[in-house]
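Listed below are the residues making up each chain.
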Amino acid sequence: MKARRDVFQAIADPTRRAMIGLLASQTLTLNTVAENFQMSQPAVSKHMRILAECGLVEIVKLGRERHCQARLGALEEVARWAEQYRLFWNNRLDTLQNLLKDED
């Protein structure tokens, strides 16, 4: 049984992050997505398949074309994960700022 990919695996690759960015504001055909990258069509398809497996992209076949649309809600998992570190570092930096003020 193949393990399901997660959103962190998808965004770990800069090409996939660029593809998400490209699709964030518009639906594009797979061929149009491929035109924006200097790689083979099969390589683009593989990246898009990974994004779809992670729930970041929906690919719908309409006739002969496959239309790709971003599903950015899956990035909420990343936002929640990053938020804990943002809070941690904000608290640490506030403490440092207070220590520096006390020295003055």
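Reading the values: rules and limits
Residues numbered from 1 in each chain as written. Predicted model: local features only at pLDDT ≥ 70, side-chain atom pairs only at ≥ 80, totals over all residues. Heavy atoms only, no water. Helix = DSSP H or I, 4+ residues; strand = E, 2+ residues; numbered from the N terminus. Rg over C-alpha atoms; globule rule 2.2 N^0.38 Å. Buried < 20%, exposed > 50% of the residue type's maximum accessible area, 1.4 Å probe, protein only. Areas by Shrake-Rupley, 256 points an atom, 1.4 Å probe, with all protein chains shown as cover. Lys, Arg positive; Asp, Glu negative; His and termini not counted. Charge placed at Lys NZ, Arg CZ, Asp CG, Glu CD. Contact = heavy atoms within 4.5 Å. Pairing = 2+ DSSP bridges. Core = buried A, V, L, I, M, F, W, Y, C linked by side-chain atoms within 4.5 Å.

**Student:** What should I look at first to understand the overall build of the protein chain in this one?
**Tutor:** Across its full length, the protein chain carries 5 helices and 3 strands. Listing every helix and strand of the protein chain by position from the N terminus yields α-α-β-α-α-β-β-α. Taken over the C-alpha trace, the protein chain has a radius of gyration of 19 Å; the compact-globule value for 104 residues is 13 Å, which it surpasses by more than 25%. The principal-axis extent of the C-alpha atoms belonging to the protein chain is close to 70 × 35 × 20 Å. Here the protein chain holds 104 residues, and 24% of them are scored as buried. Of the accessible surface of the protein chain, which amounts to about 7500 Å², a share of 52% is contributed by carbon and sulfur atoms. Looking at charge distribution, the protein chain has the averaged site of its 15 positive side-chain charges lying 13 Å from that of its 13 negative ones.

**Student:** Sorry if this is basic, but what is going on with the environment of His 47 here?
**Tutor:** Counting through the fold element by element, His 47 comes out in helix α4 (residues 41–53). Considered as a pair, His 47 and Ala 10 are 37 residues apart in the sequence and their alpha carbons are 8.4 Å apart. Setting aside its immediate chain neighbours within four residues, His 47 contacts Asp 13, Thr 15, Arg 16, Met 19 and Met 39.

**Student:** I would appreciate a short explanation of the pairing of strand β3 (residues 65–70) in the present structure.
**Tutor:** Every other side chain in a regular strand lies on the same face of the sheet, so the side chains alternate between the two faces. As judged from the 2 bridges shared by strand β1 (residues 28–29) and β3, these two strands associate in the antiparallel manner. Bridged to Leu 28 within β3 is Cys 68. Two elements, strand β2 (residues 57–62) and β3, share 6 bridges in a ladder whose sense is antiparallel. Bridged to Lys 61 within β3 is Arg 66. Where β2 folds back onto β3 in an antiparallel hairpin, the turn is made up of 2 residues, including Gly 63, whose phi is positive at roughly 65 degrees.

**Student:** Explain the nonpolar core here, please?
**Tutor:** Burial of nonpolar side chains together is a common tendency in soluble globular proteins. Formed by 21 residues in total, the largest nonpolar core has its most connected members in Met 19, Leu 23, Val 33, Val 44, Met 48 and Leu 51. For this core, the secondary structure elements donating two or more residues are α1 (7–11), α2 (14–23), α3 (30–35), α4 and β3.

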